[in-house]
Amino acid sequence: MSTTGRKPSRQAASTARKVLEECMADGACVEAIIARLALRFETGVDALELADVALEMSSADLQKRDRLERIAELLRHRPDIFATLRETAAAVRHERDEWETDAAVVRRLAAGFDAAATISPAASVQLSSLGDEEKLAAATDEIAAWLERLGFTDRDILDIGCGIGRFERALSHAVHRIVGIDISLEMISVARRRCAGLRNVDLRPTSGLDLADFNNASFDCVLAVDSFPYLVLAGLAERYFEEISRVLKPSGRAALLNYSYRGSPALDRADVHRLAEAHGMQVMVDGEKPFLLWDGNAFLLAASDGTLRPKDCSGVKQARAQSEGGLDGARRQDRHHLCRQGKGSDAGAMTIWAEDKVEETRLCPTRPGKQHTEQCRLVGNRINSDQYHAADRLSQD
């Protein structure tokens, strides 16, 4: 029975069925599928029409049928959620114009994040939270627990792209100090309200072009949840590898959760390995999916003993000036192969970087099914993904 009283056109229904199949291909949870649909259908087919299509997609697979029915139920009874996700996703444009400089991209993204945080703080950092604070908190806690198991405790941590401060709140009890930076003034404002009273939390706006505000070897750990995809888009990923290597103490660790939204885990892994080697770091966790409530790809990097790392900040101003001047051909080609998702998912005791803990993390079970990023493909300049902004990096097997 129709939930809307009218049917989508035959072409629209066919497109919706195809997109639903793609969004469900990796066994993702219902919330992630709803977020992906919001990204793929910012206009055109509405929530109730999508609910009709989901109900009509009968399947002999009982698990798949159950997911389709739950998707239809949510779309039918809470079309307002779908509308909010669409609006939040549309606030940030993830394509890059040929004429834009690196700095111009950063400024535009900052304005987009400001708008998204005003619409829905929770959805602005993890679209698959559906704007629900409890769902966001559950996903945040799962990631925070993973970080703590890897030793992100009792130390000084830098959180690049802190968003609304959810990891500052989640980790404040376990760390010595955590500094969160973000290019969005609105997100920093929200984060400061949420973290009021937490004395070991420092939240600061940043240019987004470098880490020049911080001294060499000033942090034990660096965290970047759904921020590197935007550094890739802005042509700043390599600079940030250099900067992370500089600000990390010897034997420090960096957790990068999602490197890009290009939809190619193999390409992401290749880039992370290349950049890590170039800047004296080793890859300890290689693009795995260790989370149940969020489908980001996790990388863990270990800094060298300091012999290969930059000794000072020289070149930062020169690099910043170059970013204002334009793009080289190789960067431009890479940026135009980006998928679009969501900002910041969402998101240590250096003496306990035990290898058995790292190995245990490598072997931890992940969700069944293929990685969703293998299904991610560009449709024109649109995105197929389950987070937005924020808001995936060759295997060593």
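Structure: see above.
What you see as residue numbers is a count from 1 along each chain, following the sequence as written. Owing to the predicted nature of the model, reporting of local features is limited to residues with pLDDT of at least 70; listing and counting of side-chain atom pairs is limited to 80 or more, with chain, interface and lining totals taken over all residues. With hydrogens and water set aside, each side-chain value is computed from the structure's full complement of heavy atoms.

Below, the discussion takes up the pattern of salt bridges. Here, a salt bridge means any Lys or Arg side-chain nitrogen found within 4 Å of an Asp or Glu carboxyl oxygen. Summed over all chains, the structure comprises 18 salt bridges. Put simply, Asp202 and Arg204 hold a salt bridge, and the shortest N to O gap is 2.8 Å. Exposed residues in this analysis have more than 50% of their type's maximum accessible area, buried residues have under 20%, and partly exposed residues fall in between, with area computed by a 1.4 Å probe over protein chains only. Given the relative accessible area of 25%, Asp202 is considered partly exposed. What you see here is one network of salt bridges that share partners, running through Arg262, Asp268, Asp271 and Arg274.

Let's shift gears to the sheet that holds strand β7 (residues 298–303). Ordered by their spatial adjacency, 7 strands build an open sheet running β3-β2-β1-β4-β5-β7-β6, and the pairing between neighbours is mixed. Each having just a single partner strand, β3 (201–205) and β6 (281–288) make up the two edges of the open sheet. Adjacent strand axes in the sheet meet at a mean angle of 15° when their direction is disregarded. The pairing criterion is simple: DSSP has to find at least two bridges between the two strands. Strands here mean DSSP runs of E at least two residues long; helices mean DSSP runs of H or I at least four residues long; both are numbered from the N terminus. As defined by bridge partners, strand β4 (residues 219–225) adjoins strand β5 (residues 248–257) across 6 bridges and the pair is classed as parallel. Paired with Val222 across the bridge in β5 is Ala254. The strands touched by helix α10 (residues 185–194) are β2 (177–182) and β3; relative to β3, the strand with the most contacts, the crossing angle is about 160°. For helices, the fitted axis covers only the stretch in contact; all axes are lines through C-alpha atoms, and the angles between them, taken along N-to-C directions, range from 0 to 180 degrees. Whether two residues are in contact is decided by their heavy atoms: any pair within 4.5 Å suffices.

Before going further, it helps to spend a moment on the packing of aromatic side chains. Ring geometry is summarised as follows: Phe, Tyr and Trp rings, the Trp one being its six-membered ring, pair when their centres sit within 6.5 Å, and such pairs are stacked at plane angles under 30 degrees, edge-to-face over 60 and tilted between the two. Summed over the entire model, instances satisfying the criterion amount to 8 aromatic pairs. Geometrically, the ring pair formed by Phe228 and Tyr259 is stacked, given 5.8 Å between the ring centres and 25° between the ring planes. In this pair, Phe228 sits in helix α11 (residues 228–233) while Tyr259 sits in the loop between β5 and α13 (265–278), placing the two residues 31 residues apart along the sequence. Like Tyr259, Phe228 is buried. Summarising the aromatic geometry, the rings of Phe291 and Trp294 are spaced 5.9 Å apart at their centres and angled 45° between planes, so their arrangement reads as tilted. Among the aromatic residues, ring-to-ring pairing joins Phe113, Tyr230 and Tyr261 into one connected group.

It is worth spelling out unusual backbone geometry at this point. Phi is positive for Asp154, which is not a glycine, with a value near 60°. Tracing the backbone through its elements, the reader meets Asp154 in the loop between α8 (133–149) and β1 (156–160). Backbone geometry places Asp226, a non-glycine residue, at a positive phi of 55°.

What follows is about the pairing of β1. When you tally the buried positions in β1, you get 5 out of 5 residues, the bulk of the element. Judged by which residues are buried, β1 turns out to be covered on both faces: Asp156, Leu158 and Ile160 on one side and Ile157 and Asp159 on the other are all buried. The pairing of β1 with β2 spans 5 bridges and is classified as parallel. Bridge pairing links Ile160 to Ile181 in β2. Seen with the strands pointing away from the viewer, any crossover whose path from the first strand over the helix to the second strand runs clockwise is right-handed. Regarding the hand of the β-α-β motif, the stretch spanning β1, helix α9 (residues 166–171) and β2 is right-handed. Where β1 and β4 come together, 3 bridges link them in parallel fashion. In the sheet register, Leu158 faces β4, and the bridge partner there is Val222.

A separate point is helix α1 (residues 10–24). Structural remark: α-helix, 3.6 residues per turn; residues separated by three or four positions point the same way. Helix span is expected to be 1.5 Å times the residue number reduced by one. For α1, spanning 15 residues, the distance from its first C-alpha to its last is 21 Å, which sits close to the expected 21 Å at 1.5 Å a residue. Restricting attention to buried positions, one finds in α1 the residues Ala13, Ala16, Val19, Leu20, Glu22, Cys23 and Met24. Of the surrounding elements, those touching the buried residues of α1 are α2 (30–40), α3 (47–56) and α4 (62–77).

Moving on, we get to the nonpolar core. A general feature of soluble globular proteins is that nonpolar side chains tend to end up buried together. Core analysis: the biggest nonpolar cluster contains 51 residues, and Leu158, Phe228, Phe241 and Ile244 have the highest contact counts within it. Here the element with the most residues in this core is helix α6 (residues 102–119); it accounts for 8 residues. Setting aside its immediate chain neighbours within four residues, Ile244 contacts Ile160, Leu211, Val222, Phe228, Ala254, Leu256 and Met281. If you look at the next biggest cluster of nonpolar residues, it comprises 35 residues, including Cys23, Ala47, Ala51 and Leu85. Here the nonpolar core consists of buried residues drawn from Ala, Val, Leu, Ile, Met, Phe, Trp, Tyr and Cys, with membership extended through side-chain atoms lying within 4.5 Å.

Note on placement: Asp159 falls in strand β1. On the accessibility criterion, Asp159 (0% relative accessible area) is buried. Not counting residues within four places of it along the chain, the set of residues in contact with Asp159 comprises Phe167, Glu168, Ile178, Val179, Gly180, Ile181 and Leu223.

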